[in-house]
Amino acid sequence: MAKLKFPENFWWGSATSGPQSEGRFKKKNRNIFDYWYDIDKKVFFNEVGPDVASNFYNSFKEDIALYKKIGLNSLRTSIQWTRLIKDFETGEVDEDGVRFYNEVIDEFIRQGITLVINLYHFDMPIELQEKYGGWESKHVVELFVKYAKKAFELFGDRVKYWMTFNEPIVPVEAQYMYKFHYPLIVDGKKAMQVLYNTALASAKAIEAYGEYKKRTGNNGEIGIILNLTPSYPRSENEEDIKAAEISDAVFNNSFLDPAIKGEFPRLLTDILEKDGVLWESTQEELDTIKKNTVDYLGVNYYQPRRIKARETEFDMSSGWLPDKYFENYDMPGKRMNIYRGWEIYPKAIYDIAKNIQENYGNIKWFISENGMGVEGEERFKNAEGVIEDDYRIEFYREHLTHLHKAIAEGANCFGYHTWTPIDCWSWTNSYKNRYGYISVDLPTQIKTVKKSGHWIKEVSESNEIEGWDM
Ligand code: BGP
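The sections below set out a description of the structure shown in this document.

Cut-offs and rules
Residues numbered from 1 in each chain as written. Predicted model: local features only at pLDDT ≥ 70, side-chain atom pairs only at ≥ 80, totals over all residues. Heavy atoms only, no water. Pairing = 2+ DSSP bridges. Helix = DSSP H or I, 4+ residues; strand = E, 2+ residues; numbered from the N terminus. Core = buried A, V, L, I, M, F, W, Y, C linked by side-chain atoms within 4.5 Å. Buried < 20%, exposed > 50% of the residue type's maximum accessible area, 1.4 Å probe, protein only. Contact = heavy atoms within 4.5 Å. Near = heavy atom within 4 Å. Polar contact = N/O pair within 3.5 Å; in protein donor to acceptor, adjacent residues only side chain to side chain. Areas by Shrake-Rupley, 256 points an atom, 1.4 Å probe, with all protein chains shown as cover. Nonpolar A, V, L, I, M, F, W, Y, C, P; charged D, E, K, R; others polar. Axes fitted to C-alpha atoms, helices over the stretch in contact; angles between N-to-C directions. Parallel < 35°, antiparallel > 145°, perpendicular 65-115°, else oblique. Left-handed = near helix turned anticlockwise from the far one by under 90°. Expected span 1.5 Å × (residues − 1). Arc of directions from axis to C-beta.

1. With respect to the sheet that holds strand β12 (residues 327-328)
Thinking step 1. Spatially, β9-β11-β12 is the arrangement adopted by the three strands of the open sheet, whose pairing is mixed. Two strands in the sheet have a free side with no partner beyond their single neighbour: β9 (231-233) and β12.

2. Thoughts on the nonpolar core
Thinking step 1. In this structure, Trp 81, Trp 135, Phe 144, Trp 162 and Leu 403 are the most contacted members of the largest nonpolar core, which totals 144 residues.
Thinking step 2. Per-element accounting of this core gives the leading share, 14 residues, to helix α9 (residues 188-216).
Thinking step 3. What Trp 162 contacts, discounting residues up to four positions off in sequence, is Ile 79, Ile 117, Leu 119, Ala 151, Phe 152, Phe 155, Gly 156, Tyr 209, Glu 221, Ile 222, Gly 223 and Tyr 296.
Thinking step 4. Counting seven residues, the second-largest nonpolar core is a separate cluster that includes Trp 11, Val 116, Met 163 and Tyr 296.

3. Quick notes on unusual backbone geometry
Most peptide bonds take the trans form, and the phi angle of most residues other than glycine is negative.
Thinking step 1. Of note, the bond from Tyr 182 into Pro 183 is cis; its omega dihedral lies within 30 degrees of zero at 10°.
Thinking step 2. By the secondary structure assignment, Pro 183 is in the loop between α8 (169-176) and α9.
Thinking step 3. Phi at Ser 430 is positive, roughly 45°, even though this residue is not glycine.
Thinking step 4. When you line up the elements, Ser 430 lands in the loop between β17 (413-419) and β18 (433-434).
Thinking step 5. According to the relative accessible area criterion, Ser 430 is buried, its value standing at 0%.

4. A few points about the site of the ligand
Thinking step 1. Around the ligand, the structure places 13 residues, and the nearest of them are His 121, Glu 167, Arg 340, Ser 426 and Tyr 435.
Thinking step 2. Between Arg 340 and the ligand, the recorded distance is 2.7 Å, taken from a side-chain N or O atom to an oxygen atom.
Thinking step 3. A distance of 2.5 Å is found between an oxygen atom of the ligand and a side-chain nitrogen or oxygen belonging to Tyr 435.
Thinking step 4. In the complex, 93% of the free accessible area of the ligand, which totals 370 Å², lies under the protein chains.
Thinking step 5. Here the residues of the shell around the ligand are counted per class, giving five nonpolar, five polar and three charged.

5. Here's the deal with the sheet that holds strand β3 (residues 74-78)
Thinking step 1. Judged by pairing direction, the barrel is parallel, and its eight strands sit side by side in the order β2-β3-β6-β7-β8-β10-β15-β17 before closing back on the first. The sheet shows a mean angle of 25° between the axes of neighbouring strands, taken without regard to direction.
Thinking step 2. Relative to β17, strand β15 (residues 365-369) runs parallel, the two being bridged by two bridges. Its bridge partner being in β17, Ile 367 is matched across the sheet by Tyr 416.
Thinking step 3. The sheet contacts of helix α10 (residues 238-261) involve β8 (221-227) and β10 (296-300), and relative to β8 the element is tilted by about 170°.

6. Points about the packing of helix α7 (residues 138-155) against α9
Thinking step 1. Direction vectors running N to C along α7 and α9 enclose 30°, while the axes themselves pass 9 Å from each other. Relative to α9, the element α7 lies roughly parallel. By crossing handedness, the relation of α7 to α9 is classed as right-handed. Across the interface between the two elements, Lys 138, Val 141, Glu 142, Phe 144, Val 145, Ala 148, Lys 149, Phe 152 and Glu 153 from α7 touch Gln 193, Tyr 196, Asn 197, Leu 200, Ala 201, Lys 204, Ala 205, Ala 208, Tyr 209, Tyr 212 and Arg 215 from α9.
Thinking step 2. A class-by-class count of the residues in the contact of α7 with α9 yields twelve nonpolar, two polar and six charged.

7. A few points about the side chain of Arg 305
Thinking step 1. If you trace the backbone, Arg 305 turns up in strand β11 (residues 305-308).
Thinking step 2. Arg 305 sits in the buried class, given a relative accessible area of 16%.
Thinking step 3. Here Thr 229 takes part through its side chain, which lies 3.1 Å from a polar atom of the side chain of Arg 305.
Thinking step 4. The contacts of Arg 305, once residues within four sequence positions are left out, are Glu 173, Thr 229, Pro 230, Ser 231, Tyr 232, Ser 247 and Phe 251.

8. Topic: helix α15 (residues 451-462)
Thinking step 1. Look at α15: 17 Å from first C-alpha to last across twelve residues, which is about the 16 Å you get at 1.5 Å a residue.
Thinking step 2. Of all the positions in α15, only Ser 452, Gly 453, Trp 455, Ile 456, Val 459 and Ser 460 are classed as buried. Burial along α15 is one-sided: seen end-on, the buried residues are contained in an arc of 155°. Exposed and facing more than 90 degrees away from the buried side of α15 are Glu 458 and Glu 461.
Thinking step 3. Directly beyond the C-terminal end of α15, a positive phi value near 60° is found at Asn 463.

All quantities given are derived from atomic positions and should not be read as evidence of function.
Here it is, written out as structure tokens:
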């Protein structure tokens with residue numbers, strides 16, 4: 001296939017997060033993962049916790065130089081609430097946290113890499129989880145806004161791209177429905193309140209940013225990062241289609257609609273109301289959500305959902321869950337990333353792009369994560385010690401070809417960030433699956449560019465890829 005050119009000034013970048021890259025060095029407070037690791041190391045693959053991660057706290061200058069070396073023109077990371085803020089109630093900052101993030105931001109500027117700063121990446125302070133139930137509480141929403149305001153004041157002069165949340169549906173699922181993040185609660189009603197409170201926190205942070213901009217004349221932008229996992233029905237059968245629509249309402253449109261349209265999807269609120277699990281809201285809050293929509297959107301895409309109408313009665317013994325209305329469908333013959341257990345379906349990127357174009361006012365957006373985690377990558381090391389991750393290059397080329405098609409048809413996509421620049425810590429999977437353009441040897445923290453890192457440099461410099469035959 002021919003070369004495919006991307007729009008001018010396209011973002012060729014990558015994403016990581018504070019809790020997954022920095023390490024806990026000098027951090028005053030603990031988030032839920034720090035705490036969970038302290039009390040139960042066995043939960044984490046090979047018992048590797050977030051203590052060191054990829055050592056970004058100590059090696060950020062060298063790491064940012066590596067980003068530059070592989071041609072990344074933009075990069076996302078997150079500020080840790082538990083590093084920047086010493087006292088969550090008063091919003092008092094930790095001086096070392098301020099120093100660290102200032103130096104990081106200045107280094108990105110020095111290297112000429114556009115920085116996207118996210119405020120929340122699954123990292124609820126344990127203190128607020130224990131005291132108030134984290135996002136269950138509207139007081140925590142206020143404390144988050146306090147923290148966001150501090151971040152804008154401290155760094156807004158240099159950070160021009162902000163994000164309120166990364167994948168806010170994940171804590172809803174992981175902490176309150178399907179038990180893969182602490183505190184492993186199964187409570188659908190609480191989950192829905194958490195969903196609402198997070199959407200509210202995002203809108204309030206956007207509101208605070210708007211006030212900051214007005215006061216200072218700043219011209220930055222603020223958005224949200226959503227993991228969009230399109231729900232494909234098993235068949236054209238009406239019940240399957242309905243099940244997929246509900247699944248989309250719960251997992252995708254629940255945040256996409258308020259973020260862009262300022263309203264929750266009726267399909268979702270009708271169901272929640274009927275089932276007696278609708279969140280508590282006030283008119284004033286709903287007005288805040290209506291008025292404070294995003295400037296731009298980040299889309300994380302890894303995998304689709306395959307959905308069918310329920311074939312078995314939903315077991316209500318653990319109470320209400322949205323799964324009452326759909327079941328996952330194990331589609332025969334689907335392509336899998338066997339290490340992560342996720343389906344590979346590149347065309348969904350095109351479908352997501354068309355959905356944003358046709359149903360969400362063609363708002364500007366970028367792919368904020370896409371990637372392939374592979375276990376045991378050392379076996380692909382060549383004589384020079386470089387990991388030859390051709391599978392990753394192929395994975396990216398294929399996804400980018402679908403993205404390119406959508407852009408050619410008018411999708412307003414301005415960039416492509418992969419997960420992740422340097423192999424980083426992955427929650428309970430720790431360092432099992434590696435995603436980076438750059439590998440990290442854990443015992444020595446030696447970082448080596450992989451073949452895909454050399455590939456992205458060429459892509460970024462030429463602003464084109466070798467198209468994939470579709
Ligand atoms: C996304 C998260 C990232 C990252 C990535 C890879 O959902 O935003 O934090 O972890 O997935 O997934 P995992 O680490 O679970 O393999």
